[in-house]
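# Commentary on secondary and tertiary structure
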Amino acid sequence: MSRFVAVTAVRDFEGRVRQAIAGALHGELQTLNPEVLSGGPDDVFKQLNGAPPEVLILGPGVTAEAALKLATVFDLQYPEISLLLVAEPSPDLVLKAMHSGIRDVVTPEIEVNDLRVLLERACLAAASRRRGMGPAAEPDQDRGRVIAVMSPKGGVGKTTVATNLAIGLGKVAPMSVVLVDLDLQFGDVASGLQLEPEHSITEAVHGAASQDSMVLKAFLTVHPAGIYALCAPRTPSESDYITADHVSRLLNQLASEFKYVVVDTAPGLGEHVLATLELATDGVWVCGMDVPSVRGLRKCFTVLKELQLLPQGRHTVLNFADRKSGLSVQDVEATIGVPIDAVVPRSRTLPYSTNRGIPVLQSTSRDSATKGLKKLVDRFDPQWVSSNHNKLHRRVVVS
Ligand SMILES: Nc1ncnc2c1ncn2[C@@H]1O[C@H](COP(=O)(O)OP(=O)(O)O)[C@@H](O)[C@H]1O
Ligand SMILES: [Mg+2]
């Protein structure tokens, strides 16, 4: 949906914009007080509830200098947003506006019909710029695997699996693994790996990093085990400013730089998860050994099959496996309709390792939970796969 934001206190102009949009264009108008011009894009976004706008209208009734200054920053950091300046278009102002990346300078007296045409064009321009920056823009044959760690439910071990998978793959491909925390509101990759990130995914998807993979790399946090991590935002509300498009672009950039991009996700099938699945080469499906978890995964498979969003590589992990749970591996397989590839028993070492911030695959632990996680890692190790192909689909047991 198109979204329009006007920075103006002139009610008559605001009314004309509303008329221009009504019935002809998708989306709604939000008006901000001109005071906002003294801040930067982040101050603007703070006042908007939701995703960034497609069209930002500056004026009428704002000082040209302040409007041009803000426009310059927007143009650099958010080139996909179309900017319009509403002011008497003197040749001098038009030239300056052009240099600030403003699309059009419009007289405050503009009529509703002309305004409508202008806004429509501004929307189209915004859409085509977004497309230009999106997945199709990066034709790259030599791309890494994007591994989405998924589950419809929380607390089933996604983060445990994702952090251990990344650490395990770090031994297969040192400095070629990045773990992305897409549990944007309550991500705990940083604490699970004992990291204190200077930057988060927020900086990675906005501004220069989104245009340049070298800048993006500077926003990643290095873990002593030889992997990179991109941690979740510091506050849950920051996730409002991270769109599905941001996620697609980010994962595309990372896949062109790293052999393995491991993505820890939030429970369920939110827009960020769907954007991840669109690009994922592999899905790691984590399932608890309880009926709600198993049924949830079956529904999840059904929906994703319909949407044609099931990644090609499928890896199922039965976590919290316990012979006393009243379910067997065969029960689980029969319900979800696919074989289980790795079993991670309920184990005391895992909560202990989560609390210490040291994944079991980084430590010397040799218990059966560690073995189960190692087995998952092996599935992504080309050398292991080529020499153990017969073991890939060997039946698993709960000990
Ligand atoms: N197999 C297991 N046995 C015991 N505790 C586990 C097991 N797997 C995960 N845990 C613990 O359960 C808690 C939730 O796991 P987590 O990986 O954060 O789940 P999610 O990311 O799906 O919400 C963590 O404290 C973790 O250490
Ligand atoms: Mg988690």
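Since this is a predicted model, take the numbers as computed values, not measurements.

## Some thoughts on the overall build of the protein chain
Across its full length, the protein chain holds 16 helices and 13 strands. Dimensions of the protein chain along its principal axes, counting C-alpha atoms only, are 80 × 40 × 35 Å. Taken across its 399 residues, the protein chain has 54% of its residues classed as buried. Here the analysis covers contacts within the protein chain between residues at least 6 apart in sequence; of these, 76% occur between residues at least 24 apart. For the protein chain, the accessible area works out to roughly 18500 Å², and carbon and sulfur atoms hold 52% of it. Positive and negative side-chain charges of the protein chain, numbering 40 and 44 respectively, have mean locations separated by a distance of 12 Å.

## Details of the site of ligand 1
Taken together, 16 residues lie near ligand 1, and Gly-155, Thr-159, Thr-160, Asn-319 and Thr-354 sit nearest. Contact with the protein chains removes 82% of the 560 Å² of surface that ligand 1 exposes when unbound. Classifying every residue of the shell around ligand 1 gives six nonpolar, eight polar and two charged.

## Brief notes about helix H11 (residues 271-279)
Of all the residues in H11, the buried ones are His-272, Val-273, Ala-275, Thr-276 and Leu-277. The inward-facing, buried residues of H11 contact strand S6 (145-150), strand S7 (177-182), helix H10 (244-255), strand S10 (260-265), strand S11 (282-288) and helix H12 (291-306).

## So, the packing of aromatic side chains
For the structure on display, the rule yields six aromatic pairs. Between Phe-45 and Tyr-241, the aromatic rings sit 6.1 Å apart at their centres with planes inclined by 25°, giving stacked as the arrangement. Taken together, the residues span a long stretch of sequence, with Phe-45 in helix H2 (residues 41-47) and Tyr-241 in the loop between strand S9 (227-230) and H10 at a distance of 196 residues. Tyr-241 matches Phe-45 in its accessibility class, with the two residues each being buried. Between Trp-285 and Phe-301 the ring centres are 5.1 Å apart and the planes differ by 70°, which places this aromatic pair in the edge-to-face class.

## Structural notes on a positive patch on the surface
Together, Lys-153, Arg-295, Arg-298 and Lys-299 make up a positively charged patch on the protein surface. Mapped onto the secondary structure, Lys-299 falls in helix H12. By relative accessible area, Lys-299 is classed as exposed at 58%.

## Details of the nonpolar core
The nonpolar side chains of soluble globular proteins are, as a tendency, buried together. Core analysis: the largest hydrophobic core is formed by 49 residues, its most contacted members being Val-180, Ile-201, Leu-250, Leu-254 and Val-261. Among all residues touching Leu-250, those that are not within four sequence positions of it are Val-180, Ile-201, Ala-204, Val-205, Leu-216 and Leu-230. Of all hydrophobic cores here, the second largest spans 34 residues; its members include Ala-173, Leu-179, Val-317 and Leu-361.

## What about the domain arrangement of the protein chain?
Parsing the protein chain into structural domains produces domain 1 (4-133) and domain 2 (145-391). Inter-centroid distance (C-alpha atoms) of domain 1 to domain 2 is 40 Å. The interface of domain 1 with domain 2 comprises 12 residues on the first partner and nine residues on the second. A buried area of about 820 Å², summed over both sides, lies between domain 1 and domain 2, and 55% of it is on carbon and sulfur atoms. Our count for the contact surface shared by domain 1 and domain 2 stands at zero salt bridges.

## Some points on the side chain of Glu-238
If you trace the backbone, Glu-238 turns up in the loop between S9 and H10. Here Glu-238 occupies a buried position and makes no salt bridge, while the nearest side chain of opposite charge, Arg-234, is found at 4.7 Å. Among the polar contacts made by the side chain of Glu-238, one reaches the side chain of Thr-202 at a distance of 2.6 Å. Those residues within four positions of Glu-238 in sequence are excluded, and the remaining contacts are Ser-200, Thr-202 and Pro-233.

## Here's the deal with the environment of Leu-29
Position of Leu-29 among the secondary structure elements: in strand S2 (residues 29-32). Here the alpha-carbon distance between Leu-29 and Ala-125, two residues 96 residues apart in the chain, equals 18 Å. The residues touching Leu-29, leaving out its near neighbours within four places in the chain, are Phe-4, Val-5, Ala-6, Glu-14, Val-17, Arg-18 and Ile-21.

## As for the sheet that holds strand S1 (residues 4-7)
With parallel pairing, five strands are arranged side by side in an open sheet as S2-S1-S3-S4-S5. Bordering the open sheet on either side are S2 and strand S5 (104-106), each of which pairs with just one other strand. Each adjacent strand pair in this sheet contributes to an overall mean axis angle of 20°, direction not counted. Here strand S4 (residues 82-86) pairs with S5 via three bridges, running parallel. Looking across to S5, one finds that Leu-84 is bridged to Asp-104.

## Description of the pairing of S2
Pairing between S1 and S2: four bridges, direction parallel. Along S2, the bridge assignment pairs Phe-4 with Leu-29. Tracing the backbone out of S1, into helix H1 (residues 11-21) and back to the parallel element S2 gives a crossover that is right-handed.

Parameters and conventions
- Residues numbered from 1 in each chain as written.
- Chains lettered and ligands numbered in written order.
- Predicted model: local features only at pLDDT ≥ 70, side-chain atom pairs only at ≥ 80, totals over all residues.
- Heavy atoms only, no water.
- Helix = DSSP H or I, 4+ residues; strand = E, 2+ residues; numbered from the N terminus.
- Buried < 20%, exposed > 50% of the residue type's maximum accessible area, 1.4 Å probe, protein only.
- Contact = heavy atoms within 4.5 Å.
- Areas by Shrake-Rupley, 256 points an atom, 1.4 Å probe, with all protein chains shown as cover.
- Lys, Arg positive; Asp, Glu negative; His and termini not counted.
- Charge placed at Lys NZ, Arg CZ, Asp CG, Glu CD.
- Near = heavy atom within 4 Å.
- Nonpolar A, V, L, I, M, F, W, Y, C, P; charged D, E, K, R; others polar.
- Phe/Tyr/Trp six-rings, centres within 6.5 Å; stacked < 30°, edge-to-face > 60°.
- Patch = residues over 30% accessible without salt bridge, like charges linked within 9 Å, V, L, I, M, F, W, Y side chains within 5 Å.
- Salt bridge = Lys/Arg side-chain N within 4 Å of Asp/Glu carboxyl O.
- Core = buried A, V, L, I, M, F, W, Y, C linked by side-chain atoms within 4.5 Å.
- Domains from an automatic or database assignment.
- Buried area = accessible area lost by both parts, 1.4 Å probe.
- Polar contact = N/O pair within 3.5 Å; in protein donor to acceptor, adjacent residues only side chain to side chain.
- Pairing = 2+ DSSP bridges.
- Axes fitted to C-alpha atoms, helices over the stretch in contact; angles between N-to-C directions.
- Right-handed = clockwise from strand over helix to strand, strands pointing away.

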